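Residues per chain, in single letters:
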Amino acid sequence: MEFTTEKLQGDILIVHVQADHINACNAQDFEHSVMSLMDARYHVVLDIEPVRSVDGCGFGALMACLRNINNLCGELALCSLSGSLGSLFTLMRMHHVFNIYSSCDEAVNAYS
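This write-up is about the structure you can find in this document. Quantities reported herein were computed from a predicted structural model and do not represent experimental measurements. (Residues numbered from 1 in each chain as written. Predicted model: local features only at pLDDT ≥ 70, side-chain atom pairs only at ≥ 80, totals over all residues. Heavy atoms only, no water.)

**Describing helix α4 (residues 104-111)**
Link 1 in the chain: Buried within α4 we find C104, A107, V108 and Y111. Within α4, the buried residues cover an arc of 95 degrees as seen down the axis, which keeps them to one side. For α4, the exposed residues lying more than 90 degrees away from the buried face are D105 and N109.
Link 2 in the chain: Buried positions along α4 lie against β1 (2-8), β2 (12-18), β4 (43-47), β6 (75-79) and β7 (99-101). (Buried < 20%, exposed > 50% of the residue type's maximum accessible area, 1.4 Å probe, protein only. Helix = DSSP H or I, 4+ residues; strand = E, 2+ residues; numbered from the N terminus. Arc of directions from axis to C-beta. Contact = heavy atoms within 4.5 Å.)

Rendered as structure tokens:
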């Protein structure tokens, strides 16, 4: 799985996920890759705009990332969810678990 990152002032890191799906095929790679990026950052914003679907393994990987950053006393936000993915997160009540923002700018402003 490919990512691009932006390090912003302070302790904010934006991770742009470059994948159509987070599923059983790539969830473990996703989890390990994102967690390795979290080591030095306490506010991580995952930009998942290109992601169109997340299965149970993908949700598990996202939860593991959230748990890891919470253990570091940090925060994890998701941004730029597509319409159908946003609806899925709402249906699964994940909007009560994750901080979800409509754009990266909105997420970054929440941490500033």
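Moving on from the coordinates now.
**Examining the packing of aromatic side chains**
Link 1 in the chain: Within this structure, the stated rule accounts for three aromatic pairs.
Link 2 in the chain: Here the aromatic rings of F3 and F30 are separated by 6.0 Å at their centres, their planes lie at 40 degrees, and the arrangement is tilted. Taken together, the residues span a long stretch of sequence, with F3 in strand β1 and F30 in helix α1 (residues 27-38) at a distance of 27 residues.
Link 3 in the chain: With 5.1 Å between their ring centres and 55 degrees between their planes, F59 and F89 make a pair best called tilted. (Phe/Tyr/Trp six-rings, centres within 6.5 Å; stacked < 30°, edge-to-face > 60°.)

**A closer look at the pairing of β1**
Link 1 in the chain: Bridge analysis of β1 against β2 gives seven bridges, and the strand direction is antiparallel. Counterpart to F3 in the pairing with β2 is V17.
Link 2 in the chain: Counting the residues between successive antiparallel strands, the hairpin from β1 to β2 contains three residues, one of them, G10, with a positive phi of roughly 75 degrees. (Pairing = 2+ DSSP bridges.)

**What about the environment of S36?**
Link 1 in the chain: Topologically, S36 is positioned in helix α1.
Link 2 in the chain: S36 gets classed as partly exposed once you look at its relative accessible area, which sits at 47%.
Link 3 in the chain: As for S36 and C65, which are separated by 29 residues in sequence, their C-alpha atoms are 9.9 Å apart.
Link 4 in the chain: In this structure the side chain of S36 is engaged in a polar contact, spanning 2.7 Å, whose partner is the backbone oxygen of S33. (Polar contact = N/O pair within 3.5 Å; in protein donor to acceptor, adjacent residues only side chain to side chain.)

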